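The primary structure of each chain is shown beneath.
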Amino acid sequence: MSIDLQELAGRYRDILRQAVYLTRSMDAEGELSTRHVSTLNMVSTGPMRVSAIASYAGVRVPSATEQVIKLEAAGLVERIPDATDARAVLVRLTPKGREALDSANGRRNATMAAALETLSPEERQIIAGAIPAIAKLNAAVAAQPATA
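Here's a quick rundown of the structure. (Residues numbered from 1 in each chain as written. Predicted model: local features only at pLDDT ≥ 70, side-chain atom pairs only at ≥ 80, totals over all residues. Heavy atoms only, no water.)

**Regarding the overall build of the chain**
Cut-off, in case you're wondering: Strands are runs of DSSP state E lasting at least two residues, helices are runs of H or I lasting at least four, and both sets are numbered from the N terminus onward. Residue contacts are defined here by distance: any two heavy atoms, one from each residue, within 4.5 Å place the two residues in contact. Residue-level accessible areas treat just the shown protein chains as cover; the underlying method is Shrake-Rupley with a 1.4 Å probe.
In terms of regular secondary structure, the chain is built from six helices and two strands. At a minimum sequence separation of 6, the contacts of the chain that also span at least 24 residues come to 48%. Accessible surface for the chain amounts to roughly 10,500 Å². Of this, 58% is attributable to carbon and sulfur atoms.

Right under this line is the structure:
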């Protein structure tokens, strides 16, 4: 059986978009906005330039800078010099930011776990088995040039 890759790409993008919308809705009860949680998740893996935050968020640098300023004012992130470029700064998570992010992600995970309980064990196993392939697909997309 041959799989139409264009159709599969469209179906994947559709379900991913729906998952993003649903994940964003999980932040409605939290203290942080979806954008705040997203930015904190980005810098949780290590310090990043504002331009990289903007690129990953799909926004312009001034919008990302605005988010960083708000998070910095709340004590959740801090700007530090970039050791590789004296003209640039990096944004990193503070201990207070880590605590807030862990709380937000904990709420999201609890909501998702409750939804996963509605699935059969077989369906949960299928999802668990698909995660490595989805991670590999995400890496392949990330490795493509922006114009692709």
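Having seen it, we continue.
**Focus on the side chain of Arg108**
Basically, it comes down to this: Only protein chains enter the accessibility calculation, which uses a 1.4 Å probe; a residue is then buried when its area is under 20% of its type maximum, exposed when over 50%, and partly exposed in between.
Tracing the sequence through the fold places Arg108 in helix 5 (residues 95-116). On the basis of relative accessible area, Arg108 is assigned to the buried category, the value being 14%. When residues no more than four places from it in sequence are discounted, the contact partners of Arg108 are Thr23, Met26, Asp27, Thr34, Val37 and Asn41.

**Brief notes about the pattern of salt bridges**
Side chains bearing opposite charge may pair, as long as their charged atoms lie close to each other. Note the threshold: Salt bridge criterion: a side-chain nitrogen from Lys or Arg within 4 Å of a carboxyl oxygen from Asp or Glu.
Across all of its chains, the model carries eight salt bridges by this definition. The partner of Asp82 in a salt bridge is Arg49, with the nearest N and O atoms 3.0 Å apart. Note that Asp82 is positioned in strand 1 (residues 77-82) and Arg49 in the loop between helix 2 (34-43) and helix 3 (50-57), a separation of 33 residues in sequence. Arg49 gets classed as partly exposed once you look at its relative accessible area, which sits at 32%. The shortest N-O distance in the salt bridge between Arg87 and Asp85 comes to 3.0 Å. Take Asp85: its relative accessible area is 14%, and that puts it in the buried class.

**Digging into helix 3**
Threshold: Picture the helix axis, draw a direction to every C-beta atom, and the arc is the one those directions span.
Of all the positions in helix 3, only Val50, Ile53 and Ala54 are classed as buried. The buried residues of helix 3 occupy an angular sector of 100 degrees when the element is viewed end-on, so they sit on one face. Turned more than 90 degrees off the buried face of helix 3, the exposed positions are Ser55 and Tyr56. Following helix 3 by one or two positions, Gly58 adopts a phi angle in the positive range, close to 70 degrees.

**Observations regarding the pairing of strand 1**
Filter applied, for reference: One bridge is not enough; two strands pair if DSSP finds at least two bridges between them.
As judged from the six bridges shared by strand 1 and strand 2 (residues 85-93), these two strands associate in the antiparallel manner. Across the sheet, Val77 pairs through a bridge with Leu93, a residue of strand 2. Hairpin geometry of strand 1 and strand 2 is characterised by an intervening segment of two residues between the two adjacent antiparallel strands.

**Focus on the packing of helix 2 against helix 3**
Under the convention used in this document: To get an axis, fit a line to the C-alpha atoms, keeping to the stretch in contact for a helix; angles then go from 0 to 180 degrees between the N-to-C directions. Orientation labels follow simple angle bins: below 35 degrees gives roughly parallel, above 145 gives roughly antiparallel, 65 to 115 gives roughly perpendicular, and whatever is left gives oblique. Here is the rule for handedness: rotate from the far helix to the near one, and if that takes an anticlockwise turn smaller than a right angle the crossing is left-handed, while a clockwise turn gives right-handed. Each residue gets one of three labels, nonpolar for Ala, Val, Leu, Ile, Met, Phe, Trp, Tyr, Cys and Pro, charged for Asp, Glu, Lys and Arg, and polar for the others, Gly among them.
Relative to each other, helix 2 and helix 3 sit at 125 degrees, their axes nearing to 11 Å. Viewed along their axes, helix 2 and helix 3 adopt a mutual orientation that is oblique. Handedness of the crossing formed by helix 2 with helix 3: right-handed. Residue-level inspection shows Thr39, Met42 and Val43 of helix 2 in contact with helix 3, the latter providing Ile53, Tyr56 and Ala57. Within the contact of helix 2 with helix 3, the residues separate by chemical class into five nonpolar, one polar and no charged.

None of this, on its own, says anything about what the molecule does.
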